[in-house]
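Reading the structure
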Amino acid sequence: MQVQTGGIEDYAYPEFRERLIVPTNAKIIPAMGDHAMALLLGLTREIWRGVEARTTEEWSDGHWKPVERLERVEALPDLLPLADVVFVAAPLTDRTAYLR
């Protein structure tokens, strides 16, 4: 069974094991996290304006929003209340399990 996510932990049903159904994930799809981040940035940073301007060749610097800050994961508890959007693309490990 192919699961269209990066992890299969939520699909470890006993019924699957009993029937020898092996769930596999989409980890071989290249750059899934990069693609998701690009879509998120496209929406939150209004990248669509560049596509629109391309047809008229009217370019303006006033529409682009800079990245405001970059932080380490340890700062996450302090940053969450300030965030409009939270995007996590991390493998499921002992260090990241609490992010679920």
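If you're wondering where the values come from, they're calculated on a predicted model, not measured in any experiment.

Section: the overall build of the chain
Across its full length, the chain carries 4 helices and 0 strands. Burial status across the chain gives 12% buried among its 100 residues. Considering only contacts within the chain whose residues lie at least 6 apart along the sequence, 21% involve residues at least 24 apart. Per element, the accessible surface of the chain, about 8800 Å² overall, is 58% carbon and sulfur.

Quick word on the pattern of salt bridges
Oppositely charged side chains can pair when the atoms bearing their charge come close. A full pass over the atoms with the stated rule returns 1 salt bridge. Residue Arg 72 is joined to Glu 74 by a salt bridge in which the shortest nitrogen-to-oxygen separation is 3.6 Å. According to the relative accessible area criterion, Arg 72 is exposed, its value standing at 66%.

Details of a nonpolar patch on the surface
Among the surface-exposed residues, Met 37, Leu 41 and Phe 87 lie close enough to one another that they form a single nonpolar patch of about 220 Å² accessible area. Structurally, the position occupied by Leu 41 is in helix H2 (residues 32-44).

Re the side chain of Thr 96
Relative to the assigned elements, Thr 96 resides in the segment after helix H4 (76-79). A distance of 2.8 Å separates the side chain of Thr 96 from the backbone nitrogen of Thr 93, its partner in a polar contact. When sequence neighbours within four positions are dropped, the list of residues in contact with Thr 96 reads Ala 90 and Pro 91.

Cut-offs applied
- Note on numbering: residues in each chain are counted from 1, in written sequence order.
- Totals for whole chains, interfaces and linings use all residues, but because this is a predicted model, local features are given only for residues with pLDDT of at least 70 and pairs of side-chain atoms are given and counted only at 80 or more.
- Water and hydrogen atoms were dropped before computing side-chain values, which therefore reflect all heavy atoms in the structure.
- Only runs of H or I of at least four residues qualify as helices and only runs of E of at least two qualify as strands under DSSP, and these elements are numbered from the N terminus.
- A simple rule labels every residue: compare its accessible area, found with a 1.4 Å probe on the protein chains alone, to the largest value its type can have, and call it buried under 20%, exposed over 50%, or partly exposed in between.
- Residues are treated as being in contact if the distance between any of their heavy atoms lies within 4.5 Å.
- The method behind every accessible area is Shrake-Rupley, applied with a 1.4 Å probe, and residues are considered shielded solely by the protein chains displayed.
- Here, a salt bridge means any Lys or Arg side-chain nitrogen found within 4 Å of an Asp or Glu carboxyl oxygen.
- For patches, a residue must show more than 30% relative accessible area and have no salt bridge; joins then use 9 Å for like charges and 5 Å for nonpolar side chains, namely Val, Leu, Ile, Met, Phe, Trp and Tyr.
- Pairing of N or O atoms within 3.5 Å defines a polar contact, subject to two protein rules: one partner must be a possible hydrogen donor and the other a possible acceptor, and residues neighboring in sequence count only if both atoms are side-chain atoms.

The values are spatial; any link to function lies outside them.
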